[in-house]
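Descriptive analysis of the structure
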Amino acid sequence: MAYETLYRKYRPRKFSDVVGQRHVVRAIQNAIASKRIAHAYLFCGQRGTGKTTMARLLAMALNCEKGVSPEPCGNCSACQSIVKGSAMDVVEIDAASHTGVDAVREVIVERVSFLPAALRYKVYIIDEVHMLSTAAFNALLKTLEEPPPQVVFVLATTDPHKVPATIRSRCLRFDFHPISAKDIAQRLIFVLENEGWQGRFDPAAISLIVRAARGALRDALTMMEQAMNFADEKITVDLVRSLLGITDDEFLSRLVSALREGDVPALWNLVLEAVETGRDLNQIAHDLATYLRELLNYKIGVFADEIEERTSLLQQQSELFNEFELMRLIRAAWELERDLRAATDVQLVLEIGLLNMAMSLKAMEEVPAEKAAATPTVTVPQPSRQIAEAITHQAPTAPQPETPLPPQEELLGLEYIRRHWEIFLEQLKRTSMVAYSFLLNAEPTDLQDNQLVLTFQHAFSYECVNDRSYRETIEQCLRDVFNIPNLKIKPVLSAQVTQPLVGTPVDATSTAKASPSQQREVDTEEFLASLFDNQ
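Okay, so let's go over this structure.

Cut-offs and rules
- Residues numbered from 1 in each chain as written.
- Predicted model: local features only at pLDDT ≥ 70, side-chain atom pairs only at ≥ 80, totals over all residues.
- Heavy atoms only, no water.
- Core = buried A, V, L, I, M, F, W, Y, C linked by side-chain atoms within 4.5 Å.
- Buried < 20%, exposed > 50% of the residue type's maximum accessible area, 1.4 Å probe, protein only.
- Helix = DSSP H or I, 4+ residues; strand = E, 2+ residues; numbered from the N terminus.
- Phe/Tyr/Trp six-rings, centres within 6.5 Å; stacked < 30°, edge-to-face > 60°.
- Lys NZ or Arg CZ within 6 Å of the ring centre and 35° of its normal.
- Pairing = 2+ DSSP bridges.
- Axes fitted to C-alpha atoms, helices over the stretch in contact; angles between N-to-C directions.
- Contact = heavy atoms within 4.5 Å.
- Parallel < 35°, antiparallel > 145°, perpendicular 65-115°, else oblique.
- Left-handed = near helix turned anticlockwise from the far one by under 90°.

1. Regarding the nonpolar core
Membership of the largest hydrophobic core comes to 67 residues, with the highest contact counts inside it found for Leu 292, Leu 354, Met 357, Phe 424, Leu 439, Ile 474 and Leu 478. Top element by residues in this core is helix α14 (residues 281-299). It accounts for 10 residues.

Here it is in C-alpha coordinates:
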(Lines give C-alpha, C1' and ligand atoms only; values in the text may rest on other atoms or scores of the structure.)
Protein backbone atom coordinates (compact mmCIF):
# COMPACT_ATOMS: atom_id res chain seq x y z
CA MET A 1 0.00 0.00 0.00
CA ALA A 2 1.30 3.48 -0.89
CA TYR A 3 2.54 5.67 1.95
CA GLU A 4 0.05 8.27 3.18
CA THR A 5 1.25 11.48 4.77
CA LEU A 6 0.28 12.17 8.35
CA TYR A 7 -2.09 15.06 7.71
CA ARG A 8 -4.05 12.88 5.27
CA LYS A 9 -3.87 9.75 7.38
CA TYR A 10 -5.19 11.51 10.48
CA ARG A 11 -7.77 13.70 8.75
CA PRO A 12 -10.95 13.65 10.93
CA ARG A 13 -13.64 11.17 9.85
CA LYS A 14 -16.25 12.45 12.29
CA PHE A 15 -17.25 15.80 13.71
CA SER A 16 -16.09 14.64 17.13
CA ASP A 17 -12.54 14.20 15.75
CA VAL A 18 -12.21 17.83 14.66
CA VAL A 19 -9.50 19.68 16.59
CA GLY A 20 -10.69 23.12 17.66
CA GLN A 21 -13.45 24.91 15.70
CA ARG A 22 -16.08 23.75 18.17
CA HIS A 23 -18.25 26.74 17.30
CA VAL A 24 -18.44 25.64 13.65
CA VAL A 25 -19.07 21.98 14.53
CA ARG A 26 -21.87 22.87 16.93
CA ALA A 27 -23.60 25.22 14.48
CA ILE A 28 -23.52 22.70 11.61
CA GLN A 29 -24.68 19.80 13.80
CA ASN A 30 -27.58 21.86 15.19
CA ALA A 31 -28.58 22.91 11.66
CA ILE A 32 -28.59 19.31 10.46
CA ALA A 33 -30.50 18.08 13.51
CA SER A 34 -33.19 20.73 13.04
CA LYS A 35 -33.36 20.22 9.23
CA ARG A 36 -32.27 23.81 8.55
CA ILE A 37 -29.70 22.99 5.90
CA ALA A 38 -28.54 26.05 3.96
CA HIS A 39 -27.95 25.89 0.21
CA ALA A 40 -24.54 27.64 0.42
CA TYR A 41 -21.82 27.90 3.06
CA LEU A 42 -18.73 30.12 3.16
CA PHE A 43 -15.82 28.80 5.23
CA CYS A 44 -13.16 31.46 5.99
CA GLY A 45 -9.87 31.14 7.81
CA GLN A 46 -6.13 30.71 7.52
CA ARG A 47 -4.58 27.64 5.95
CA GLY A 48 -4.49 24.38 7.88
CA THR A 49 -7.48 25.07 10.15
CA GLY A 50 -9.90 22.47 8.72
CA LYS A 51 -12.04 24.22 6.09
CA THR A 52 -11.90 21.47 3.45
CA THR A 53 -12.18 18.78 6.13
CA MET A 54 -15.33 20.40 7.51
CA ALA A 55 -16.79 20.60 4.00
CA ARG A 56 -16.23 16.86 3.48
CA LEU A 57 -17.74 16.05 6.87
CA LEU A 58 -20.80 18.11 5.92
CA ALA A 59 -21.10 16.13 2.69
CA MET A 60 -20.79 12.87 4.65
CA ALA A 61 -23.47 13.95 7.15
CA LEU A 62 -25.88 14.80 4.31
CA ASN A 63 -25.26 11.59 2.35
CA CYS A 64 -24.66 8.95 5.02
CA GLU A 65 -26.58 5.73 4.32
CA LYS A 66 -27.96 5.82 7.86
CA GLY A 67 -29.76 9.04 7.00
CA VAL A 68 -29.09 12.75 7.41
CA SER A 69 -27.40 12.80 10.80
CA PRO A 70 -25.41 15.26 12.90
CA GLU A 71 -22.69 12.58 13.12
CA PRO A 72 -21.90 10.47 10.04
CA CYS A 73 -20.94 6.85 10.62
CA GLY A 74 -17.81 7.04 8.46
CA ASN A 75 -18.05 3.34 7.57
CA CYS A 76 -20.79 3.09 4.93
CA SER A 77 -20.03 3.07 1.20
CA ALA A 78 -21.19 6.69 0.80
CA CYS A 79 -18.93 7.96 3.59
CA GLN A 80 -15.98 5.89 2.36
CA SER A 81 -16.36 7.17 -1.20
CA ILE A 82 -16.33 10.78 0.05
CA VAL A 83 -13.25 10.10 2.18
CA LYS A 84 -11.42 8.55 -0.77
CA GLY A 85 -12.52 11.34 -3.12
CA SER A 86 -14.29 8.97 -5.54
CA ALA A 87 -17.89 10.08 -4.94
CA MET A 88 -19.42 11.33 -8.21
CA ASP A 89 -21.86 13.63 -6.45
CA VAL A 90 -19.25 15.40 -4.31
CA VAL A 91 -17.36 17.67 -6.69
CA GLU A 92 -14.21 19.38 -5.38
CA ILE A 93 -13.05 22.29 -7.53
CA ASP A 94 -9.75 24.14 -7.21
CA ALA A 95 -10.65 27.73 -8.05
CA ALA A 96 -7.00 28.57 -8.63
CA SER A 97 -6.98 26.33 -11.74
CA HIS A 98 -10.59 27.08 -12.79
CA THR A 99 -10.59 30.86 -12.64
CA GLY A 100 -12.32 31.56 -15.95
CA VAL A 101 -15.98 31.85 -16.70
CA ASP A 102 -15.87 28.94 -19.16
CA ALA A 103 -14.66 26.54 -16.46
CA VAL A 104 -17.40 27.62 -14.05
CA ARG A 105 -20.06 27.33 -16.73
CA GLU A 106 -18.88 23.89 -17.84
CA VAL A 107 -18.29 22.32 -14.42
CA ILE A 108 -21.10 23.93 -12.37
CA VAL A 109 -23.74 25.90 -14.24
CA GLU A 110 -24.48 23.37 -16.98
CA ARG A 111 -24.49 20.32 -14.65
CA VAL A 112 -26.06 21.67 -11.49
CA SER A 113 -29.62 20.89 -12.66
CA PHE A 114 -28.89 17.14 -12.96
CA LEU A 115 -30.08 14.94 -10.12
CA PRO A 116 -27.47 13.23 -7.90
CA ALA A 117 -26.22 10.02 -9.49
CA ALA A 118 -25.79 7.89 -6.36
CA LEU A 119 -26.05 10.02 -3.22
CA ARG A 120 -28.79 12.02 -1.55
CA TYR A 121 -27.24 15.48 -2.12
CA LYS A 122 -24.88 16.85 -4.73
CA VAL A 123 -22.21 18.89 -2.94
CA TYR A 124 -19.89 21.36 -4.70
CA ILE A 125 -16.75 22.21 -2.69
CA ILE A 126 -14.93 25.20 -4.24
CA ASP A 127 -11.54 25.69 -2.59
CA GLU A 128 -9.79 29.10 -2.68
CA VAL A 129 -12.93 30.61 -4.17
CA HIS A 130 -11.46 34.13 -4.04
CA MET A 131 -9.28 33.18 -7.03
CA LEU A 132 -12.27 33.19 -9.40
CA SER A 133 -12.44 36.03 -11.90
CA THR A 134 -15.18 38.66 -11.82
CA ALA A 135 -16.89 37.10 -14.84
CA ALA A 136 -16.80 33.67 -13.15
CA PHE A 137 -18.39 35.10 -10.00
CA ASN A 138 -21.12 36.70 -12.11
CA ALA A 139 -21.79 33.40 -13.89
CA LEU A 140 -22.02 31.62 -10.52
CA LEU A 141 -24.22 34.26 -8.90
CA LYS A 142 -27.65 33.18 -10.18
CA THR A 143 -26.97 29.48 -9.63
CA LEU A 144 -25.74 30.18 -6.10
CA GLU A 145 -28.81 32.25 -5.31
CA GLU A 146 -31.43 29.67 -6.37
CA PRO A 147 -29.85 26.23 -6.73
CA PRO A 148 -31.87 23.00 -7.10
CA PRO A 149 -33.10 21.55 -3.78
CA GLN A 150 -30.61 18.65 -3.83
CA VAL A 151 -27.53 20.86 -4.29
CA VAL A 152 -25.32 22.36 -1.55
CA PHE A 153 -22.41 24.71 -2.21
CA VAL A 154 -19.43 24.97 0.16
CA LEU A 155 -17.02 27.81 -0.62
CA ALA A 156 -13.67 27.88 1.17
CA THR A 157 -11.27 30.84 1.18
CA THR A 158 -8.33 32.30 3.04
CA ASP A 159 -9.16 35.85 1.86
CA PRO A 160 -12.88 36.50 2.39
CA HIS A 161 -12.51 40.22 1.63
CA LYS A 162 -11.72 39.28 -2.00
CA VAL A 163 -15.06 37.49 -2.38
CA PRO A 164 -17.71 39.87 -3.81
CA ALA A 165 -20.36 41.05 -1.38
CA THR A 166 -23.06 39.64 -3.69
CA ILE A 167 -21.60 36.17 -3.13
CA ARG A 168 -21.03 36.59 0.61
CA SER A 169 -24.60 37.75 1.19
CA ARG A 170 -25.98 34.52 -0.32
CA CYS A 171 -23.90 32.21 1.91
CA LEU A 172 -23.94 31.17 5.54
CA ARG A 173 -20.51 32.27 6.73
CA PHE A 174 -18.31 30.51 9.31
CA ASP A 175 -14.94 31.85 10.44
CA PHE A 176 -12.32 29.24 11.34
CA HIS A 177 -10.03 30.41 14.12
CA PRO A 178 -6.33 29.56 14.47
CA ILE A 179 -6.10 26.40 16.54
CA SER A 180 -4.76 26.89 20.06
CA ALA A 181 -1.25 25.73 20.92
CA LYS A 182 -2.56 23.34 23.56
CA ASP A 183 -4.90 21.58 21.10
CA ILE A 184 -2.17 21.27 18.47
CA ALA A 185 0.30 19.87 21.02
CA GLN A 186 -2.22 17.27 22.21
CA ARG A 187 -2.94 16.22 18.62
CA LEU A 188 0.77 15.89 17.79
CA ILE A 189 1.37 13.73 20.87
CA PHE A 190 -1.63 11.58 19.90
CA VAL A 191 -0.21 11.05 16.40
CA LEU A 192 3.28 10.28 17.72
CA GLU A 193 1.96 7.65 20.12
CA ASN A 194 -0.09 6.01 17.38
CA GLU A 195 2.98 5.95 15.13
CA GLY A 196 5.05 4.15 17.76
CA TRP A 197 7.10 7.09 19.06
CA GLN A 198 6.14 6.79 22.73
CA GLY A 199 8.93 8.22 24.90
CA ARG A 200 11.01 9.14 21.84
CA PHE A 201 10.24 12.83 21.70
CA ASP A 202 11.10 15.86 23.80
CA PRO A 203 8.04 17.89 24.94
CA ALA A 204 10.06 21.08 24.39
CA ALA A 205 10.59 20.02 20.77
CA ILE A 206 6.84 19.60 20.33
CA SER A 207 6.35 23.07 21.82
CA LEU A 208 8.81 24.44 19.26
CA ILE A 209 6.88 22.85 16.38
CA VAL A 210 3.61 24.20 17.77
CA ARG A 211 4.99 27.72 17.96
CA ALA A 212 6.29 27.52 14.38
CA ALA A 213 2.90 26.28 13.10
CA ARG A 214 1.15 29.51 14.17
CA GLY A 215 -2.27 27.93 14.64
CA ALA A 216 -2.23 25.69 11.52
CA LEU A 217 -2.56 22.01 12.44
CA ARG A 218 -1.66 20.78 8.95
CA ASP A 219 1.59 22.76 9.07
CA ALA A 220 2.38 21.27 12.48
CA LEU A 221 1.80 17.71 11.24
CA THR A 222 3.97 18.33 8.18
CA MET A 223 6.83 19.73 10.27
CA MET A 224 6.57 16.87 12.75
CA GLU A 225 6.66 14.32 9.94
CA GLN A 226 9.77 16.03 8.62
CA ALA A 227 11.36 15.78 12.07
CA MET A 228 10.41 12.09 12.32
CA ASN A 229 12.14 11.38 9.02
CA PHE A 230 15.22 13.35 10.10
CA ALA A 231 15.53 11.89 13.62
CA ASP A 232 17.48 8.72 14.35
CA GLU A 233 16.16 7.73 17.75
CA LYS A 234 14.46 10.75 19.33
CA ILE A 235 12.95 14.10 18.32
CA THR A 236 14.98 16.68 20.26
CA VAL A 237 14.99 20.45 20.55
CA ASP A 238 18.30 20.79 18.71
CA LEU A 239 17.01 18.67 15.84
CA VAL A 240 13.82 20.71 15.43
CA ARG A 241 15.69 23.99 15.75
CA SER A 242 18.24 23.06 13.11
CA LEU A 243 15.54 21.64 10.85
CA LEU A 244 13.11 24.55 11.01
CA GLY A 245 15.56 27.39 11.68
CA ILE A 246 13.60 28.79 14.63
CA THR A 247 14.83 29.95 18.02
CA ASP A 248 14.07 27.78 21.03
CA ASP A 249 12.65 29.18 24.28
CA GLU A 250 15.76 28.25 26.26
CA PHE A 251 17.96 30.52 24.12
CA LEU A 252 15.41 33.34 24.21
CA SER A 253 15.08 33.09 27.99
CA ARG A 254 18.86 33.41 28.40
CA LEU A 255 18.84 36.39 26.06
CA VAL A 256 16.08 38.14 27.99
CA SER A 257 17.79 37.44 31.34
CA ALA A 258 21.04 38.97 30.03
CA LEU A 259 19.12 42.07 28.89
CA ARG A 260 17.53 42.41 32.32
CA GLU A 261 20.87 42.12 34.12
CA GLY A 262 22.67 44.37 31.62
CA ASP A 263 25.27 41.65 31.14
CA VAL A 264 26.99 42.79 27.94
CA PRO A 265 29.55 39.94 27.81
CA ALA A 266 26.70 37.42 28.11
CA LEU A 267 24.87 39.12 25.23
CA TRP A 268 28.02 39.01 23.11
CA ASN A 269 28.53 35.32 23.93
CA LEU A 270 24.94 34.49 22.98
CA VAL A 271 25.35 36.20 19.61
CA LEU A 272 28.63 34.34 19.09
CA GLU A 273 26.92 31.07 20.02
CA ALA A 274 24.16 31.78 17.50
CA VAL A 275 26.71 32.43 14.75
CA GLU A 276 28.75 29.32 15.54
CA THR A 277 25.66 27.06 15.61
CA GLY A 278 24.35 28.43 12.33
CA ARG A 279 21.26 30.22 13.63
CA ASP A 280 19.54 32.83 11.47
CA LEU A 281 20.26 36.17 13.17
CA ASN A 282 17.28 37.84 11.47
CA GLN A 283 15.05 35.09 12.81
CA ILE A 284 16.48 35.61 16.31
CA ALA A 285 15.42 39.28 16.25
CA HIS A 286 11.94 38.34 15.04
CA ASP A 287 11.54 35.58 17.63
CA LEU A 288 12.81 37.93 20.36
CA ALA A 289 10.11 40.48 19.52
CA THR A 290 7.47 37.73 19.54
CA TYR A 291 8.74 36.34 22.85
CA LEU A 292 8.71 39.78 24.49
CA ARG A 293 5.16 40.30 23.22
CA GLU A 294 4.13 37.02 24.87
CA LEU A 295 5.72 38.18 28.12
CA LEU A 296 3.76 41.45 27.91
CA ASN A 297 0.51 39.56 27.27
CA TYR A 298 1.17 37.37 30.29
CA LYS A 299 2.09 40.42 32.39
CA ILE A 300 -1.18 42.24 31.66
CA GLY A 301 -3.28 39.10 32.17
CA VAL A 302 -3.89 37.93 28.58
CA PHE A 303 -3.03 34.27 29.05
CA ALA A 304 -2.50 32.14 25.95
CA ASP A 305 -3.54 28.50 25.88
CA GLU A 306 0.00 27.13 26.16
CA ILE A 307 1.42 23.87 27.47
CA GLU A 308 2.30 23.79 31.17
CA GLU A 309 6.10 23.95 30.76
CA ARG A 310 5.98 27.08 28.61
CA THR A 311 3.41 28.76 30.84
CA SER A 312 5.72 28.46 33.85
CA LEU A 313 8.60 29.92 31.84
CA LEU A 314 6.51 32.92 30.73
CA GLN A 315 5.34 33.51 34.28
CA GLN A 316 8.89 33.41 35.63
CA GLN A 317 10.34 35.81 33.07
CA SER A 318 7.41 38.23 32.99
CA GLU A 319 8.15 39.03 36.65
CA LEU A 320 11.54 40.50 35.63
CA PHE A 321 9.96 43.54 33.93
CA ASN A 322 7.12 45.98 34.29
CA GLU A 323 4.70 46.77 31.48
CA PHE A 324 6.47 49.96 30.40
CA GLU A 325 9.85 48.22 30.14
CA LEU A 326 8.38 45.43 28.03
CA MET A 327 6.77 47.93 25.66
CA ARG A 328 10.11 49.71 25.27
CA LEU A 329 11.89 46.43 24.58
CA ILE A 330 9.29 45.30 22.02
CA ARG A 331 9.60 48.57 20.12
CA ALA A 332 13.41 48.32 20.19
CA ALA A 333 13.24 44.70 18.96
CA TRP A 334 11.00 45.74 16.05
CA GLU A 335 13.45 48.49 15.10
CA LEU A 336 16.32 46.02 15.36
CA GLU A 337 14.52 43.58 13.06
CA ARG A 338 13.96 46.40 10.56
CA ASP A 339 17.62 47.46 10.69
CA LEU A 340 18.80 43.89 10.13
CA ARG A 341 16.97 43.66 6.80
CA ALA A 342 19.20 46.33 5.27
CA ALA A 343 22.39 45.50 7.18
CA THR A 344 25.58 44.38 5.46
CA ASP A 345 27.10 43.10 8.72
CA VAL A 346 24.19 41.37 10.44
CA GLN A 347 26.19 40.24 13.48
CA LEU A 348 27.43 43.75 14.25
CA VAL A 349 23.96 45.28 13.93
CA LEU A 350 22.49 42.59 16.20
CA GLU A 351 25.19 43.18 18.83
CA ILE A 352 24.69 46.96 18.78
CA GLY A 353 20.91 46.55 18.90
CA LEU A 354 21.05 44.28 21.94
CA LEU A 355 23.49 46.68 23.61
CA ASN A 356 21.08 49.57 23.03
CA MET A 357 18.25 47.57 24.57
CA ALA A 358 20.35 46.83 27.66
CA MET A 359 21.42 50.49 27.90
CA SER A 360 17.83 51.71 27.67
CA LEU A 361 16.81 49.41 30.53
CA LYS A 362 19.72 50.63 32.63
CA ALA A 363 18.90 54.27 31.84
CA MET A 364 15.31 53.74 32.98
CA GLU A 365 16.52 52.36 36.29
CA GLU A 366 18.82 55.35 36.88
CA VAL A 367 16.16 58.00 36.24
CA PRO A 368 14.67 59.09 39.61
CA ALA A 369 10.98 58.52 40.06
CA GLU A 370 10.40 62.21 40.82
CA LYS A 371 12.00 63.29 37.57
CA ALA A 372 10.05 60.74 35.58
CA ALA A 373 6.81 61.94 37.16
CA ALA A 374 7.61 65.58 36.44
CA THR A 375 8.45 64.99 32.77
CA PRO A 376 5.78 66.65 30.62
CA THR A 377 3.69 64.34 28.49
CA VAL A 378 3.61 65.15 24.80
CA THR A 379 0.17 64.41 23.41
CA VAL A 380 -0.32 66.95 20.61
CA PRO A 381 1.47 66.11 17.36
CA GLN A 382 2.17 69.75 16.40
CA PRO A 383 5.59 70.71 17.83
CA SER A 384 4.79 74.34 18.52
CA ARG A 385 1.68 73.41 20.50
CA GLN A 386 3.68 70.86 22.51
CA ILE A 387 6.01 73.53 23.84
CA ALA A 388 3.17 76.02 24.32
CA GLU A 389 1.22 73.55 26.45
CA ALA A 390 4.32 72.74 28.51
CA ILE A 391 4.93 76.45 29.18
CA THR A 392 1.29 76.95 30.12
CA HIS A 393 1.42 73.97 32.46
CA GLN A 394 4.53 75.23 34.23
CA ALA A 395 3.41 78.87 34.47
CA PRO A 396 2.36 80.09 37.95
CA THR A 397 -1.27 80.88 38.56
CA ALA A 398 -0.58 84.09 40.51
CA PRO A 399 -1.02 87.37 38.53
CA GLN A 400 2.19 88.58 36.98
CA PRO A 401 3.31 92.19 36.44
CA GLU A 402 2.67 93.59 33.02
CA THR A 403 6.04 93.16 31.35
CA PRO A 404 6.37 92.70 27.62
CA LEU A 405 7.13 89.12 26.54
CA PRO A 406 10.36 88.64 24.59
CA PRO A 407 9.87 88.13 20.87
CA GLN A 408 9.96 84.60 19.47
CA GLU A 409 13.38 85.16 17.93
CA GLU A 410 14.83 85.70 21.41
CA LEU A 411 13.10 82.61 22.77
CA LEU A 412 14.57 80.34 20.12
CA GLY A 413 18.00 80.33 21.69
CA LEU A 414 20.13 77.86 23.57
CA GLU A 415 18.42 78.48 26.91
CA TYR A 416 15.04 77.95 25.27
CA ILE A 417 16.19 74.59 23.86
CA ARG A 418 17.69 73.54 27.19
CA ARG A 419 14.51 74.44 29.03
CA HIS A 420 12.42 72.17 26.80
CA TRP A 421 15.02 69.47 26.15
CA GLU A 422 12.93 66.85 28.01
CA ILE A 423 10.00 67.48 25.67
CA PHE A 424 12.26 66.88 22.69
CA LEU A 425 13.56 63.64 24.20
CA GLU A 426 10.03 62.37 24.78
CA GLN A 427 9.15 63.05 21.14
CA LEU A 428 12.37 61.41 19.93
CA LYS A 429 11.62 58.37 22.08
CA ARG A 430 8.36 57.90 20.18
CA THR A 431 10.15 58.28 16.86
CA SER A 432 13.25 56.13 17.42
CA MET A 433 14.10 54.36 20.65
CA VAL A 434 17.65 53.69 19.45
CA ALA A 435 18.39 57.34 18.67
CA TYR A 436 16.82 58.32 22.01
CA SER A 437 19.20 56.02 23.90
CA PHE A 438 22.20 57.73 22.26
CA LEU A 439 21.15 61.17 23.53
CA LEU A 440 20.70 60.09 27.15
CA ASN A 441 24.34 61.06 27.85
CA ALA A 442 24.41 64.19 25.67
CA GLU A 443 23.44 67.81 26.33
CA PRO A 444 23.11 70.94 24.18
CA THR A 445 26.02 73.27 24.84
CA ASP A 446 25.95 75.85 22.03
CA LEU A 447 23.85 77.15 19.14
CA GLN A 448 25.77 78.54 16.16
CA ASP A 449 23.91 79.64 13.02
CA ASN A 450 21.16 76.97 13.12
CA GLN A 451 23.70 74.38 14.22
CA LEU A 452 23.11 72.91 17.67
CA VAL A 453 26.26 71.62 19.38
CA LEU A 454 25.66 68.39 21.33
CA THR A 455 28.39 67.37 23.79
CA PHE A 456 28.61 63.62 24.46
CA GLN A 457 30.06 61.97 27.53
CA HIS A 458 30.56 58.57 25.86
CA ALA A 459 32.51 57.92 22.67
CA PHE A 460 30.20 55.10 21.62
CA SER A 461 27.08 57.31 21.53
CA TYR A 462 29.07 60.05 19.79
CA GLU A 463 30.12 57.71 17.00
CA CYS A 464 26.62 56.27 16.55
CA VAL A 465 25.00 59.72 16.26
CA ASN A 466 27.41 60.52 13.44
CA ASP A 467 25.70 57.78 11.45
CA ARG A 468 23.62 59.39 8.72
CA SER A 469 20.30 57.64 9.43
CA TYR A 470 20.29 58.41 13.19
CA ARG A 471 21.56 61.94 12.59
CA GLU A 472 18.75 62.74 10.14
CA THR A 473 16.17 61.32 12.54
CA ILE A 474 17.41 63.51 15.40
CA GLU A 475 17.58 66.65 13.23
CA GLN A 476 14.07 66.15 11.87
CA CYS A 477 12.68 65.70 15.38
CA LEU A 478 14.47 68.87 16.51
CA ARG A 479 12.91 70.86 13.67
CA ASP A 480 9.46 69.53 14.44
CA VAL A 481 9.60 70.21 18.18
CA PHE A 482 11.32 73.62 18.21
CA ASN A 483 9.91 74.82 14.87
CA ILE A 484 13.34 75.95 13.62
CA PRO A 485 13.79 75.32 9.88
CA ASN A 486 17.14 73.96 8.67
CA LEU A 487 18.29 73.18 12.23
CA LYS A 488 21.20 70.74 12.26
CA ILE A 489 23.32 69.14 14.96
CA LYS A 490 27.08 69.15 15.51
CA PRO A 491 28.11 66.21 17.73
CA VAL A 492 31.26 66.80 19.75
CA LEU A 493 33.01 64.66 22.31
CA SER A 494 33.53 66.01 25.82
CA ALA A 495 37.06 67.13 26.65
CA GLN A 496 37.07 64.66 29.54
CA VAL A 497 36.68 61.75 27.11
CA THR A 498 39.42 60.74 24.70
CA GLN A 499 38.93 58.41 21.79
CA PRO A 500 41.15 55.29 21.87
CA LEU A 501 43.75 54.90 19.18
CA VAL A 502 43.30 51.89 16.94
CA GLY A 503 45.22 48.95 18.34
CA THR A 504 45.47 50.31 21.90
CA PRO A 505 43.63 49.24 25.05
CA VAL A 506 41.03 51.50 26.63
CA ASP A 507 41.50 52.46 30.27
CA ALA A 508 39.11 55.07 31.63
CA THR A 509 41.54 56.10 34.38
CA SER A 510 44.72 56.31 32.37
CA THR A 511 43.82 57.01 28.77
CA ALA A 512 43.49 60.77 29.20
CA LYS A 513 46.85 61.03 30.95
CA ALA A 514 48.93 58.60 28.92
CA SER A 515 50.86 59.86 25.94
CA PRO A 516 50.83 57.97 22.62
CA SER A 517 54.36 56.74 23.30
CA GLN A 518 53.23 55.11 26.54
CA GLN A 519 50.41 53.16 24.89
CA ARG A 520 51.14 49.58 23.94
CA GLU A 521 49.55 47.74 21.04
CA VAL A 522 47.19 44.86 21.75
CA ASP A 523 45.11 42.53 19.65
CA THR A 524 41.38 42.81 19.02
CA GLU A 525 40.31 40.35 21.73
CA GLU A 526 42.18 42.27 24.42
CA PHE A 527 40.68 45.53 23.17
CA LEU A 528 37.10 44.16 23.46
CA ALA A 529 37.86 42.65 26.87
CA SER A 530 39.01 46.03 28.15
CA LEU A 531 35.68 47.54 27.11
CA PHE A 532 33.73 45.08 29.24
CA ASP A 533 36.08 45.19 32.22
CA ASN A 534 35.68 48.96 32.62
CA GLN A 535 31.90 48.95 32.71
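Read on for the rest.
2. Concerning the packing of aromatic side chains
Ring pairs (aromatic) are described by centroid distance and by the angle formed between their planes. Within this structure, the stated rule accounts for 12 aromatic pairs. Arranged with centres 6.2 Å apart and planes meeting at 75 degrees, the rings of Phe 438 and Phe 460 form a pair that is edge-to-face. Of this pair, Phe 438 sits in helix α23 (residues 433-438) while Phe 460 sits in helix α24 (residues 459-465), placing them 22 residues apart in sequence. Take Phe 438: its relative accessible area is 1%, and that puts it in the buried class. The interplanar angle of 85 degrees and the centroid separation of 5.3 Å between the aromatic rings of Phe 438 and Tyr 470 together place this pair among those described as edge-to-face. You can see Phe 438 sitting in helix α23 and its partner Tyr 470 sitting in helix α25 (residues 468-482), a full 32 residues away along the chain. Three or more aromatic residues joined by ring pairs make a cluster, and in this case those are Tyr 41, Phe 43, Phe 174 and Phe 176. Sitting over the face of the ring of Trp 197, Arg 200 holds its NZ or CZ atom 4.1 Å from the ring centroid.

3. Description of the environment of Glu 110
Structurally, the position occupied by Glu 110 is in the loop between α5 (101-109) and β3 (122-127). Assessed through its relative accessible area of 48%, Glu 110 is described here as partly exposed.

4. Focus on unusual backbone geometry
Most of the time, phi is negative for any residue but glycine, and the peptide bond is trans. Unlike most non-glycine residues, Gln 21 shows phi in positive territory, near 55 degrees. For Gln 21, the position within the fold is in the loop between α1 (6-9) and α2 (22-33). Its relative accessible area of 5% is what places Gln 21 among the buried residues. With a phi close to 60 degrees, Asn 486 is a non-glycine residue in the positive phi region. Topologically, Asn 486 is positioned in the loop between α25 and β8 (488-493).

5. Side note on the sheet that holds strand β2 (residues 90-94)
Sheet strands pair via backbone hydrogen bonds, and the direction of the pair is either parallel or antiparallel. The sheet built from 5 strands is open, its strands ordered β2-β3-β4-β1-β5 with parallel pairing. Only two strands of the sheet have a single neighbouring strand rather than two, namely β2 and β5 (172-176). On average, adjacent strands in this sheet sit at an angle of 15 degrees to one another, irrespective of strand direction. Sheet topology places strand β1 (residues 40-45) next to β5; 5 bridges connect them, and they run parallel. The partner of Phe 43 across the bridge, within β5, is Phe 174. Taken strand by strand, α2 contacts β1 and β5, and its axis lies near 155 degrees from that of β5.

6. A word on the environment of Ile 246
With respect to the helices, strands and loops of the structure, Ile 246 is situated in the loop between α11 (237-244) and α12 (249-261). Classification of Ile 246 by relative accessible area gives buried; the value is 13%. Residues Ile 246 and Gln 283 lie 37 residues apart in sequence; the distance between their C-alpha atoms is 6.7 Å. Setting aside residues no more than four positions away along its own chain, Ile 246 makes contact with Leu 208, Ala 212, Arg 241, Gln 283 and Asp 287.

7. Observations concerning the packing of helix α22 (residues 421-431) against α25
Packing of α22 against α25 leaves a shortest axis separation of 10 Å and a crossing angle of 130 degrees. Here α22 lies oblique to α25, going by the angle between them. Considering the relative orientation of α22 and α25, their crossing is right-handed. Note on element contacts: α25 touches α22 through Thr 473, Ile 474, Cys 477, Leu 478, Val 481 and Phe 482, opposite Trp 421, Ile 423, Phe 424, Gln 427, Leu 428 and Thr 431.

8. Side note on the sheet that holds strand β6 (residues 442-447)
Pairing is mixed across the open sheet formed by 3 strands, whose spatial order is β6-β7-β8. Across the chains shown, the open sheet's two edge strands, defined by having one partner strand only, are β6 and β8. Pairs of neighbouring strands in the sheet enclose a mean axial angle of 35 degrees, with direction left out of account. In terms of strand pairing, β6 meets strand β7 (residues 451-456) through 5 bridges, oriented antiparallel. In the strand pairing of β7, Glu 443 is matched with Thr 455. Here α25 sits on the sheet and contacts β7 and β8; the angle it forms with β8, its principal contact strand, is near 125 degrees.

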